[in-house]
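# Summary of the model geometry
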Amino acid sequence: MKIGILGAGGIAVQMAKTVAGMKDVENYAVAARSLERAQAFAEKYGFSKAYGSYEEMLADPQVDLVYIATPHSHHYLHAKMCLEAGKNVLCEKAFTVNADQARKLFALAKEKNLLITEAIWTRYMPSRKMIDDIISSGVIGEVTAVTANLNYAISDVGVYTINFASMVLGDKLKDVQATAIFREGVDMLDTIAMVFEGDRMATLQCGAREISDRMGSIFGTKGYIQVQNINNPEKITVFDKEHKEVAAYMPPAQITGYEYEVEACARAIAQGEKECLEMPHDETVRVMEIMDGIRKSWGYEIPLYE
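Residues numbered from 1 in each chain as written. Predicted model: local features only at pLDDT ≥ 70, side-chain atom pairs only at ≥ 80, totals over all residues. Heavy atoms only, no water.

## So, helix α1 (residues 10–20)
Taken residue by residue, α1 has Ala12, Val13, Met15, Ala16, Thr18 and Val19 as its buried positions. The inward-facing, buried residues of α1 abut β1 (2–6), β2 (26–31), α2 (35–45), β4 (65–68), β5 (88–92) and α8 (259–270). (Buried < 20%, exposed > 50% of the residue type's maximum accessible area, 1.4 Å probe, protein only. Helix = DSSP H or I, 4+ residues; strand = E, 2+ residues; numbered from the N terminus. Contact = heavy atoms within 4.5 Å.)

## A few points about the pairing of β2
Of all six residues making up β2, five are buried, and the element is well covered by its neighbours. The sheet contact formed by β1 and β2 spans five bridges and is parallel. Considered in β2, the bridge of Lys2 is made with Glu26. Regarding the hand of the β-α-β motif, the stretch spanning β1, α1 and β2 is right-handed. Pairing of β2 with strand β3 (residues 49–51) involves three bridges; the strand directions are parallel. (Pairing = 2+ DSSP bridges. Right-handed = clockwise from strand over helix to strand, strands pointing away.)

## Notes on the environment of Leu83
Take Leu83: it is sitting in helix α4 (residues 75–84). Judged by its relative accessible area of 0%, Leu83 falls in the buried class. On a C-alpha basis, the gap between Leu83 and Leu108 in space is 7.2 Å, while along the polypeptide they are 25 residues apart. When near neighbours in sequence (up to four residues on either side) are disregarded, Leu83 contacts Val89, Leu105, Leu108, Ala109, Lys112, Leu114 and Ile116.

## Things to note about the side chain of His281
By the secondary structure assignment, His281 is in helix α9 (residues 281–298). At 2.8 Å, the side chain of His281 and the backbone oxygen of Ile116 are in polar contact. Excluding residues within four positions of it along the chain, His281 makes contact with Phe106, Ile116, Lys274 and Glu275. (Polar contact = N/O pair within 3.5 Å; in protein donor to acceptor, adjacent residues only side chain to side chain.)

## Here's the deal with unusual backbone geometry
Of note, the amide linkage connecting Lys93 to Ala94 takes the cis form, showing an omega dihedral of -20°. For Ala94, the location among the structural elements is in the loop between β5 and α5 (99–112). One non-glycine residue, Asp24, lies in the positive phi region at around 65°. Mapped onto the elements, Asp24 comes out in the loop between α1 and β2. On the accessibility criterion, Asp24 (72% relative accessible area) is exposed. A positive phi angle, close to 55°, is found at Asp199, a residue other than glycine. Looking at the secondary structure, you find Asp199 in the loop between β9 (186–196) and β10 (200–207).

## Digging into the sheet that holds β1
Strands sit in the order β3-β2-β1-β4-β5-β6 across an open sheet of six strands; the sheet is parallel. Every interior strand has two partners, whereas the edge strands, β3 and β6 (116–119), have only one. The average angle at which neighbouring strand axes cross in this sheet is 20°, direction not considered. Across the sheet, α1 lies against β1, β2, β4 and β5, angled at about 160° from β2, the strand it touches most. Across the face of the sheet, α8 comes into contact with β1, β4, β5 and β6 while running at roughly 160° to β5. (Axes fitted to C-alpha atoms, helices over the stretch in contact; angles between N-to-C directions.)

## Quick word on the environment of Asn27
Note that Asn27 resides in strand β2. The exposure class of Asn27 is buried, given its relative accessible area of 7%. Setting aside residues no more than four positions away along its own chain, Asn27 makes contact with Ile3, Met15, Ala16, Val19, Ala20, Tyr45, Gly46, Phe47 and Ser48. In this structure the side chain of Asn27 is engaged in a polar contact, spanning 2.8 Å, whose partner is the backbone oxygen of Ala16.

## Brief notes about the packing of aromatic side chains
For any pair of aromatic rings, the description rests on two quantities: the centre-to-centre distance and the angle between the ring planes. Tallied over the entire structure, the rule returns eight aromatic pairs. Judged by centre distance (6.2 Å) and plane angle (65°), the rings of Phe219 and Tyr224 are edge-to-face. For Phe219, a relative accessible area of 31% translates into the label partly exposed. Each ring, one from Tyr224 and one from Phe239, has its centre 4.9 Å from the other, and the planes form 15°; the classification is stacked. Of this pair, Tyr224 sits in strand β12 (residues 223–228) while Phe239 sits in strand β13 (residues 235–240), and the two are 15 residues apart along the sequence. Summarising the burial analysis for this pair, Tyr224 and Phe239 share the class buried. Taken together through their ring pairs, the aromatic side chains of Phe41, Tyr45 and Phe47 make up a single cluster. (Phe/Tyr/Trp six-rings, centres within 6.5 Å; stacked < 30°, edge-to-face > 60°.)

Structural data, given as structure tokens:
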């Protein structure tokens, strides 16, 4: 499968390094706003083609999958361009600015008979199944609560905490309440409380100033699980009701962690699927609706580029 990367920023570097270490996937083309930048990127990371415009790369018939690595404010515009050019799409999180944009892209992908999926890497990682299996074993009893925090000096970290809670507690959400500290119009520290059916709750925190432990905890009636670094799990530890460690699991070695979403796309395309089982379209829209609701409660809107 030949990958085309749209955008040549920092996140594109991570994907280029990932694909370089994979089998049956090729760093084929990169497109940037200037040919010089694309050529420098292509030479450094071993791409066959460099394009000075997105449209030129999308006209290349050999590109099988486009990874969108531009700022999330432009994801809708660029994903739409890809789909209209007949390209399958792996779009970096946050997928779009709002749920309405996501729905439009999924409808267009269906019309064009193309794959499109959100590159929220935690949904594709082996650690997700490891956590699911531990919960399914019943070792911690019935899961009733989740806590998680993630703080980085970047935008859009809240989507990781919401996804972490959703992967554990599901989609039967009853209520969401959120508060934030703003600085110059940007939410610098957020706390989110999510109430699910069955009297279960997630309490989440994310921010851009603090250094946090990035820990996720899953509490049950017989014990609990601690996930070290919800953004890219490093260790999963199980404790009993006496707070004694009863098991510990280490996720497998990885290239960067991005490989799992690329592998999922390759499988889906080979099987003729138009979405990835790991992150279905409905789930992307549902999470986006949660984020829309939070922003609305704050009276906060992100500019649209369509």
